[in-house]
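# Breakdown of the fold
Listed below are the residues making up each chain.
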Amino acid sequence: MTANLLGKVSLVGAGPGDPELLTLKGKRCLEIADVILYDELVNGELMKHAAVNAELIYVGKKPGAHCTDQKKIAAMLIQKARAGKYVVRLKGGDPFIFGRGGEEAQALKRAGVPFDIVPGVSAAIAAPAYAGIPLTHRAHASSVAIVTGHRALASEGSVNWSRLAAAVDTVVIVMGLHNLGAIMTGLLEGGCEPERPVSLIQWGTRRSQKSLTATVATVAGLAAARGFTAPTTIVVGNVVRLAEQLDWFQPRGEKSQPWSSDSQTELHAGSPR
Ligand SMILES: C[S@@+](CC[C@H](N)C(=O)[O-])C[C@H]1O[C@@H](n2cnc3c(N)ncnc32)[C@H](O)[C@@H]1O
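Definitions and cut-offs
- Residues numbered from 1 in each chain as written.
- Predicted model: local features only at pLDDT ≥ 70, side-chain atom pairs only at ≥ 80, totals over all residues.
- Heavy atoms only, no water.
- Helix = DSSP H or I, 4+ residues; strand = E, 2+ residues; numbered from the N terminus.
- Buried < 20%, exposed > 50% of the residue type's maximum accessible area, 1.4 Å probe, protein only.
- Contact = heavy atoms within 4.5 Å.
- Areas by Shrake-Rupley, 256 points an atom, 1.4 Å probe, with all protein chains shown as cover.
- Near = heavy atom within 4 Å.
- Polar contact = N/O pair within 3.5 Å; in protein donor to acceptor, adjacent residues only side chain to side chain.
- Nonpolar A, V, L, I, M, F, W, Y, C, P; charged D, E, K, R; others polar.
- Core = buried A, V, L, I, M, F, W, Y, C linked by side-chain atoms within 4.5 Å.
- Arc of directions from axis to C-beta.
- Pairing = 2+ DSSP bridges.
- Axes fitted to C-alpha atoms, helices over the stretch in contact; angles between N-to-C directions.
- Salt bridge = Lys/Arg side-chain N within 4 Å of Asp/Glu carboxyl O.

### Notes on the overall build of the protein
- When you go through the protein residue by residue, the secondary structure sums to eight helices and ten strands.
- Counting the 273 residues in the protein, one finds 49% classified as buried.
- Taking all contacts inside the protein whose residues are at least 6 apart in sequence as the whole, residues at least 24 apart take part in 72%.
- Split by element, the accessible area of the protein, about 13,400 Å² in all, is 55% carbon and sulfur.

This is the structure:
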């Protein structure tokens, strides 16, 4: 895209990992971007949509270093846009679901930089879908909550696990693996029955997807024994039982569907395919 006097930033959802879950609008943004700032969980294969002369900047963040990094990212977006560039800020899943897209949009607004939002398919719904778990179902669940498990224990901004257990049929927890034991304890304290089904889905929608079905009482022990790591989405609720019937995705199997991607690559060493 030719640089204008004042550039613009698009906050674009990259989807959960399967590169074919990028939206058409997101793809178009990548094709015309001068600069693309992308996160840790963005599938590197999406960069094939970028122009050959686009500047690609990795801004993946390590846990515990959010504040400084976030300020630097916002400053970079503003600086590139003020230089007349069309900037795509590519974020895993959806930018506004635990993606700090709101904070980046606020920084752009304060700086007077034009921006738009291109929603993405969140891992919070896509990972369960690829594990055969509908988050709602007329017979099993009429409510769903997506929550962060980043702060498991009672502290500012943490989820009230006891109340959640009683209030919502399906609970989807992101960033919760590290605190899995404490979260399950919180749910039990809220009256959740120990047999309530739980699913863990690691690297959902990718060929490396791995999942586990357990219960509130057993999941923490099983997760540790089976070596689950981030990124993992946790689903708690009776809908998890449907995975027995509806499990359809064959992550490591032969390419059996015409639409399945044949190469889900990562830009970074260490990220599984
Ligand atoms: C910082 S949040 C970002 C969520 C993202 N904005 C979205 O809408 O999917 C990162 C967390 O999302 C979940 N997550 C992201 N990608 C995932 C995937 N492919 N499979 C399972 N969970 C994933 C994990 O719980 C991970 O710790």
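### A few points about the site of the ligand
- Close to the ligand lie 18 residues; Ile97, Ser122, Gly204, Thr232 and Thr233 are nearest.
- The contact in question runs from an oxygen atom of the ligand to an N or O atom on the side chain of Ser122, over 2.8 Å.
- Between the ligand and Thr233, the relevant distance is 2.8 Å, taken from a nitrogen atom to a side-chain nitrogen or oxygen of the residue.
- Protein contact buries 89% of the 570 Å² of open area that the ligand shows by itself.
- Taken together, the residues that form the shell around the ligand break down as ten nonpolar, seven polar and one charged.

### What about helix α4 (residues 123-130)?
- Along α4, the residues classified as buried are Ala124, Ala126, Ala127, Pro128 and Tyr130.
- Buried residues along α4 sit against β6 (144-148), β7 (170-174), β8 (197-202) and β10 (232-236).
- With a side-chain oxygen positioned 3.1 Å from the backbone nitrogen of Ala124, the residue opening α4 is Ser122.
- Residue Gly132 follows α4 closely and has a positive phi angle near 80°.

### Description of the nonpolar core
- Residues Met184, Leu200 and Val236 are the most contacted members of the largest nonpolar core, which totals 25 residues.
- At the level of secondary structure, the elements contributing two or more residues to this core comprise β6, α5 (161-167), β7, α6 (180-189), β8, β9 (210-215), α7 (219-225) and β10.
- Looking at which element gives the most residues to this core, the answer is α6, with four residues.
- Residues within four places of Val236 in sequence aside, it is in contact with Asp169, Thr170, Val171, Ile173, Met184, Leu187, Arg196, Pro197, Val198 and Val216.

### Concerning the side chain of Ser122
- Note that Ser122 resides in the loop between β5 (115-118) and α4.
- Every residue in contact with Ser122, bar those within four places of it in the chain, is listed here: Gly93, Asp94 and Ile97.

### Things to note about α6
- All of the buried residues in α6 are Leu180, Ile183, Met184, Gly186 and Leu187. One face of α6 carries all of its buried residues, which in axial projection span an arc of 155°.

### Digging into the sheet that holds β7
- Spatial strand order, β6-β7-β10-β8-β9: five strands in an open sheet with mixed pairing. The open sheet has two edge strands, β6 and β9, and neither has a second partner. The sheet shows a mean angle of 20° between the axes of neighbouring strands, direction not considered.
- Note that β6 and β7 share five bridges and pair parallel. When the sheet's bridge partners are listed, Thr148 is paired in β7 with Val174.
- Seen against the sheet, α4 touches β6, β7, β8 and β10 and runs at an angle of roughly 75° to β10.
- Packed on one face of the sheet, α6 meets β7, β8 and β10 and runs near 15° to β10.

### Looking at the pattern of salt bridges
- Applying the stated rule across the entire model yields ten salt bridges.
- Ionic pairing is found between Arg89 and Asp39, a salt bridge with its closest N-O pair at 3.1 Å. Here Asp39 lies in the loop between β2 (35-38) and β3 (55-58) and Arg89 lies in strand β4 (residues 86-91), a separation of 50 residues in the sequence. In this pair, the class of Arg89 matches that of Asp39, namely buried.
- The closest approach of N and O atoms between Glu193 and Arg196, which form a salt bridge, is 3.3 Å.
- Residue classification places Glu193 among the partly exposed residues on the basis of a relative accessible area of 30%.
- Here the salt bridges do not stand alone but share partners, grouping Asp39, Arg89, Lys91 and Glu104 into one network.

The analysis is restricted to geometry; functional conclusions fall outside its scope.
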